[in-house]
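Residue-level structure breakdown
As a plain string of letters, each chain reads:
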Amino acid sequence: MSNIVELTVENFQSVLIEQSPEQLIVVELYSPRDESGKAMSHDLVSLANELGEAIVLARVNCDEQPQITQQFGVSSVPTLVLIRAGKPLDGLTGVTPLPQIKELLFKYLPKPEDDMLLQANAILLDEAGDINAAFSLIKQAYEIDPERIDIKLCYSEVLIKVGQLDNAQTLLESFALEDKNASYQRLISLLELAQQAGQSPEITALEQKLAQTPDDKSVKLELAVSYSQANRSSDALDLLFDILTIDLNFDDAKKRYLDIVAALPDGDALASASRRRLYSLLH
């Protein structure tokens, strides 16, 4: 079904009332006799074709549909009325340039970052959810709007869960005082628990051992594995790279390195940088 319809008394109910509650409907009230509004009508049709299912353009020929015209209380044409869930949201009267029409519509159209945030939150709620997929989604949303608190909260949680604790801490430290609500405090606690888990007695003991024998590649490898298991990917990769710089074929250091990189989320800057570092050694 086309998203451009001529609104009549017969289809009024189905077009304006029986649509999905989320559907944005743009009602254009026009007159074919109005020469000044024809360019605007053409722009609206082009815009509706461009936006597809995001909007329904319901066109009302005021000369032929006086009942509908009267119901909208229109005294002059062209007039635009935005409707969602059967209720008027906003509107414009008079010939209006396309950029201004777009500005009005985009205030009410779903934003891509909203959908990304919704999907990322759904993954967080699912114990079996793909946290790397959540990272990719919320990272894109954050890049679009880095000031939105709901996006920052979700991004902080995902960063904690993928082990980017330093990045999570930096992001949480950027919150203004008025935004440090209960959700923020929950993430602070989650970050502290993750930091404690990343510094287990086993890791502490291995770090002390490495401090005593800094050139021992076997200890470095063992500590790197422990770091990896504690979600400290950056620390693990640094140690493994140190080993590979000295001996490219030492034990399974190269495989461990590649496995950690492969497990990092798509779009993670650490993954790209680590691949480049290894490439520099291989070539």
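Summary of the structure given here. (Residues numbered from 1 in each chain as written. Predicted model: local features only at pLDDT ≥ 70, side-chain atom pairs only at ≥ 80, totals over all residues. Heavy atoms only, no water.)

To continue, consider the overall build of the protein chain. Along the protein chain, the regular secondary structure elements total 14 helices and five strands. Taking 19 Å as the expected radius of gyration for a compact globule of 283 residues, we find that the protein chain reaches 29 Å, considerably beyond that expectation. Dimensions of the protein chain along its principal axes, counting C-alpha atoms only, are 90 × 45 × 30 Å. Relative to its full complement of 283 residues, the protein chain shows a buried share of 41%. Contacts in the protein chain between residues at least 24 apart in sequence constitute 61% of all its contacts with a sequence separation of at least 6. (Helix = DSSP H or I, 4+ residues; strand = E, 2+ residues; numbered from the N terminus. Rg over C-alpha atoms; globule rule 2.2 N^0.38 Å. Buried < 20%, exposed > 50% of the residue type's maximum accessible area, 1.4 Å probe, protein only. Contact = heavy atoms within 4.5 Å.)

Let us now look at the pattern of salt bridges. Counted under the stated rule, the structure contains 15 salt bridges. For Lys139, the salt bridge is made with Glu143, and the minimal N-O distance between the two is 2.7 Å. With Lys139 and Glu143 both in helix α6 (residues 131-144) and four residues apart, this pair spans about one turn of that helix. A relative accessible area of 52% means that Glu143 is categorised as exposed. Salt bridges here are not isolated pairs; linked through shared partners, they connect Glu6, Glu28 and Arg59. (Salt bridge = Lys/Arg side-chain N within 4 Å of Asp/Glu carboxyl O.)

Scanning all chains against the criterion turns up one cavity of 30 Å³ or more. In this structure, the largest cavity spans a volume of roughly 30 Å³. Residues that form the lining of the largest cavity fall into these classes: four nonpolar, four polar and one charged. (1 Å grid on protein atoms, 1.4 Å probe; cavity = no way out; pocket = protein on both sides within 12 Å on 5 of 7 lines; lining within 4 Å. Points joined across faces, edges and corners; volume = space filled by probe spheres on them. Nonpolar A, V, L, I, M, F, W, Y, C, P; charged D, E, K, R; others polar.)

What follows is about the pairing of strand β2 (residues 24-30). Burial runs high along β2: seven of the seven residues are buried. Bridge count for β2 against strand β3 (residues 55-61) is seven bridges, and the pairing is parallel. Within the sheet, the bridge partner assigned to Leu29 lies in β3 and is Val60. In this fold, the crossover linking β2 to β3 by way of helix α2 (residues 38-51) has right-handed handedness. The pairing of β2 with strand β4 (residues 79-84) spans five bridges and is antiparallel. Note that in β4 the partner of Leu29 across the bridge is Thr79. (Pairing = 2+ DSSP bridges. Right-handed = clockwise from strand over helix to strand, strands pointing away.)

What follows concerns the packing of aromatic side chains. One pair of aromatic rings is described through two measures. These are the centre distance and the angle between the planes. Tallied over the full model, the rule gives three aromatic pairs. Ring centres 6.3 Å apart and planes at 50° place the aromatic pair Phe135 and Tyr155 in the tilted group. Residue Phe135 is located in helix α6, and its partner Tyr155 is located in helix α7 (residues 149-161); the two are separated by 20 residues in the primary sequence. For the pair Phe175 and Tyr184, a centre-to-centre distance of 5.3 Å together with 45° between the ring planes defines the contact as tilted. By relative accessible area, Tyr184 is classed as buried at 7%. One aromatic cluster is present, formed by Phe135, Tyr142 and Tyr155 through successive ring pairs. Residue placement shows Arg59 over the ring face of Tyr30; its charged tip is 4.1 Å from the ring centre. (Phe/Tyr/Trp six-rings, centres within 6.5 Å; stacked < 30°, edge-to-face > 60°. Lys NZ or Arg CZ within 6 Å of the ring centre and 35° of its normal.)

It is worth spelling out the nonpolar core at this point. Within the largest apolar cluster, 27 residues are counted, with the highest numbers of intra-cluster contacts made by Ile138, Cys154 and Val158. If you list the elements that add at least two residues to this core, you get α5 (112-125), α6, α7, α8 (165-173) and α9 (182-197). Top element by residues in this core is α7. It accounts for seven residues. Those residues within four positions of Cys154 in sequence are excluded, and the remaining contacts are Leu117, Ala120, Asn121, Leu124 and Ile138. Grouped together as the second largest cluster of nonpolar side chains are 23 residues, Leu210, Leu221, Leu239 and Ala271 included. (Core = buried A, V, L, I, M, F, W, Y, C linked by side-chain atoms within 4.5 Å.)

Before going further, it helps to examine the sheet that holds strand β1 (residues 4-6). On the basis of which strands lie adjacent, the open sheet formed by five strands has the order β1-β3-β2-β4-β5 and mixed pairing. The open sheet has two free edges, formed respectively by β1 and β5 (87-93), since each of these has just one partner strand. Looking at each pair of strands side by side, their axes are set apart by 20° on average, direction ignored. Strands in contact with α2 are β1, β2, β3 and β4; relative to β3, the strand with the most contacts, it is inclined by about 155°. The sheet contacts of helix α4 (residues 98-106) involve β2, β3, β4 and β5, and relative to β5 the element is tilted by about 165°. (Axes fitted to C-alpha atoms, helices over the stretch in contact; angles between N-to-C directions.)

Geometric descriptors of this kind do not, in isolation, establish any biological role.
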